[in-house]
Amino acid sequence: MANGISNKSVVLSDIRKSYGGLEVIHGIDLTIEEGDFVVFVGPSGCGKSTLLRMIAGLEEVTEGEIAIKGRDVTDLDPSERGIAMVFQSYALYPHMSVSENLGFGLKMARTDPAEIERRVAQVSAILKIDHLLDRRPGQLSGGQRQRVAIGRAIVRKPDVFLFDEPLSNLDAELRVSMRIEIARLHRELGNTMVYVTHDQTEAMTLADQIVVLRDGRIEQAGSPRGVYEDPANMFVAGFIGSPRMNFLDAEWQGDGTIRVGEATLEAAIDGGSLKHGERLLLGVRPEHIAVAEPGPERITAQVEFSEYLGGTRYLYCQLEDGQSLVVEQRDGPDWQAGERLSFAVPEDRRRFFAEDGRRLR
Amino acid sequence: MRTRREIRARKALWDRIAYHGIGIGTAFFFLAPFAVSFLASFRPNSESGRPPLPPWPISGMSFDAYRALDSFGAGIWQHMFNSLLVSIGTVFLTVAVSVLAGYGFSRYRFPFKNALFVLIIATLMIPFQSILTPLFIILARLGLNNSLVGLMLVYVTLQLPFSVFMMRNAFDAVPKEIEEAARIDGARDLKLLVRVLLPLVMPGIATVSIFAFLNAWNEFFAALVLLSSNDNYTLPVLMTAVRAGRLGAINWGAVQAGVAVMVVPCLFVFLLLQRYYMRGLMAGAVK
Ligand SMILES: Nc1ncnc2c1ncn2[C@@H]1O[C@H](COP(=O)(O)OP(=O)(O)OP(=O)(O)O)[C@@H](O)[C@H]1O
Ligand SMILES: [Mg+2]
């Protein structure tokens, strides 16, 4: 990217936010490229909404600087930042018709009525809500309301779209179709989008870049694949993926191997800083564990129960020392509760973490 | 043997009879006093001393009572005008102040917010008769004694605690997101209030208006104390003058006519605003 600045859509520099004396966002640095779809994920209360609302200008920034398209917008009014926001609760104006809802922002900006009408027509066609233009929000279904809310954002032709859990009020089926719709919009419009969600599938499927937050800090930012396959620490490894990654207690043997229960496994990590006998954690995703013939490199566990989901099956197992292990199976025989099995973990699927959660490489 | 359908139909019939019967009966008790006064106001002078039943004029309709009413004070139109001026003024001032105050209490954070709010509500517990003397003195100092504007200001003051409370609740019920969406859309300050929020708090405004109007229209004591010249009397004060009659004889016809005249604007205001009581305006805004 030759012309550095103009490719940066949103730049957050050391953003902090305090409510009263309590700091809830502790210095966030983030650069969002033009046209990227960025998803904020993290546990409840980690500050996703707060961060998004600071970008929107709805929440004051205590410290730090926000730039959109190379322009410092930290102290600008929301309407002057070139952003549009879609709320979880839709936040449509209940006393206005759909077309008035769509055109309200343009009207406030003193746009020519003919132009408003043209743009409202265009957007309602994109979102397939043109037959609803005369209705009030109260006469629409949840999915239709969400379309109107998205339409209201598109009409203003913002530089950046902000979404705060836009689909969480919809039922499962509608969620999937709206998700695909949003992905299509992103492809067609090519705008930068910042999206907050609880839903892993939404995060994985929509994002160019996933930002994992915890307690007001960025734990990791990267592509969905990078975050999933190469987590920066135990928190990210455990948060992304469902069912979550298995973490097994292990012991460093000093010779490039670890002991997990009875098994001895190769560990391709730099053991220079580790003492012999030091405890660490082995992380393995359920889908990477396979049932195998017994052997010294095999982890043995007893099946407690299994869940059949159609296509896949989850085996919930217990190791000798009581640790639990979840294994995903695509095919193979049914295993009965109580059976003892040996599991193999491919070497390139093993992730290692120090006891404090650091990733060991 | 009767079929189940017949049994059901009979039950539905009885249910309907009971439902409408009770409704009509209740409505009768509420409407009867209005009807009696209204009909009695059309009795000719000669009948005005007769017992109240039957209430309707026996020897033909007449407007004697209204003519008699008009002969008191400065004429019924002048007093009607006084009352309307005070009441409508009270409504507008009360709405203007309570909308702004309610919005402030609902949306802004400032020191001692809750203490101030409780203080305002607490003034509801002070019987206003007890502060009438100080009010009288204050108005006199301001040169507003015996003036309709002064009376209006007193009414607004008395009306405000309840109104601010109402409007705060109304604004609290408006989801914050709607306001935020409007801010992103570029509506600020007064535009935001008028274009987006006012329509959403209309039920609250209607309630405040109805109460302000009715209380100002019917208020008697403050008007009696604060207004000293005949020409400034509002209708309730005029009515005592009418009831007192001339030479000790009460002119019942004029009293009935006065009641009829006083009721009409109240009904009108209520019917005008009651549709805003309608629920469901908020439906569809969120969720
Ligand atoms: N107005 C406020 N006053 C005080 N603290 C607040 C306020 N708003 C949010 N917080 C705190 O800031 C933190 C972050 O809140 P935020 O709403 O951003 O979380 P979130 O990640 O969006 O959570 P969720 O996933 O549940 O929506 C929380 O700990 C919350 O308690
Ligand atoms: Mg949130």
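Everything discussed here concerns the structure shown above.
In this report, the structure presented in the accompanying data block is examined. (Residues numbered from 1 in each chain as written. Chains lettered and ligands numbered in written order. Predicted model: local features only at pLDDT ≥ 70, side-chain atom pairs only at ≥ 80, totals over all residues. Heavy atoms only, no water.)

## Looking at the packing of aromatic side chains
Residues and elements named next belong to chain A.
Point 1. For the structure on display, the rule yields 19 aromatic pairs over all chains.
Point 2. The interplanar angle of 10 degrees and the centroid separation of 4.6 Å between the aromatic rings of Phe-305 and Tyr-316 together place this pair among those described as stacked. Of the two residues, Phe-305 is situated in strand β16 (residues 299-310) and Tyr-316 in strand β17 (residues 312-319); the sequence distance between them amounts to 11 residues.
Point 3. Phe-305 sits in the partly exposed class, given a relative accessible area of 44%. (Phe/Tyr/Trp six-rings, centres within 6.5 Å; stacked < 30°, edge-to-face > 60°. Helix = DSSP H or I, 4+ residues; strand = E, 2+ residues; numbered from the N terminus. Buried < 20%, exposed > 50% of the residue type's maximum accessible area, 1.4 Å probe, protein only.)

## Considerations on the pairing of strand β20 (residues 351-354) of chain A
A regular strand places its side chains on the two faces of the sheet in alternate fashion.
All names here are of chain A.
Point 1. Both faces of β20 are covered, namely the face carrying Arg-351 and Phe-353 and the face carrying Phe-352 and Ala-354.
Point 2. Across 4 bridges, strand β14 (residues 279-284) lies against β20 in antiparallel orientation. Within the sheet, the bridge partner assigned to Leu-280 lies in β20 and is Ala-354.
Point 3. Pairing of β20 with strand β21 (residues 359-360) involves 2 bridges; the strand directions are antiparallel. When the bridges of β21 are listed, Phe-352 appears paired with Leu-360.
Point 4. Between β20 and β21, which pair antiparallel one after the other, the connecting turn spans 4 residues, and Gly-357 there sits at a positive phi close to 100 degrees. (Pairing = 2+ DSSP bridges.)

## Structural notes on the interface of chain B and chain A
Point 1. With 24 residues of chain B at the contact, the number on the chain A side is 30 residues.
Point 2. Carbon and sulfur atoms supply 57% of the area that chain B and chain A bury against each other, a total of about 2,400 Å² over both sides.
Point 3. Linking chain B with chain A are 4 salt bridges.
Point 4. A salt bridge links Arg188(B) to Asp77(A); its shortest N-O distance comes to 3.6 Å.
Point 5. Of all the elements in the fold, those that place two or more residues in the side of chain B that touches chain A are α7 (176-184) and α8 (189-200) of chain B.
Point 6. Sort the elements by how many residues they give to the side of chain B that touches chain A and α7(B) lands first, with 8 residues.
Point 7. For the side of chain B that touches chain A, a count of residues per class yields 13 nonpolar, 2 polar and 9 charged. (Contact = heavy atoms within 4.5 Å. Buried area = accessible area lost by both parts, 1.4 Å probe. Salt bridge = Lys/Arg side-chain N within 4 Å of Asp/Glu carboxyl O. Nonpolar A, V, L, I, M, F, W, Y, C, P; charged D, E, K, R; others polar.)

## Quick look at the site of ligand 1
Residue and element names in this part refer to chain A.
Point 1. Neighbouring residues of ligand 1: Tyr-19, Val-24, Ser-44, Gly-45, Cys-46, Gly-47, Lys-48, Ser-49, Thr-50, Glu-165 and His-198.
Point 2. Note that an oxygen atom of ligand 1 is positioned 2.8 Å from one of the backbone N or O atoms of Gly-45.
Point 3. At 3.2 Å from an oxygen atom of ligand 1 is found a main-chain nitrogen or oxygen belonging to Cys-46.
Point 4. Protein chains shield 60% of the accessible area of ligand 1, which is 640 Å² for the free molecule.
Point 5. Take the shell around ligand 1: its biggest share by element is 3 residues, from helix α1 (residues 48-56).
Point 6. Residues belonging to the shell around ligand 1 are distributed by class as follows: 3 nonpolar, 6 polar and 2 charged. (Near = heavy atom within 4 Å. Polar contact = N/O pair within 3.5 Å; in protein donor to acceptor, adjacent residues only side chain to side chain. Areas by Shrake-Rupley, 256 points an atom, 1.4 Å probe, with all protein chains shown as cover.)

## Thoughts on a negative patch on the surface
Residue and element names in this part refer to chain A.
Point 1. On the surface, a cluster of negative charge is contributed by Glu-60, Glu-65, Asp-72 and Asp-75.
Point 2. Tracing the backbone shows Asp-72 in strand β5 (residues 71-72).
Point 3. Since its relative accessible area comes to 45%, Asp-72 is described here as partly exposed. (Patch = residues over 30% accessible without salt bridge, like charges linked within 9 Å, V, L, I, M, F, W, Y side chains within 5 Å. Lys, Arg positive; Asp, Glu negative; His and termini not counted. Charge placed at Lys NZ, Arg CZ, Asp CG, Glu CD.)

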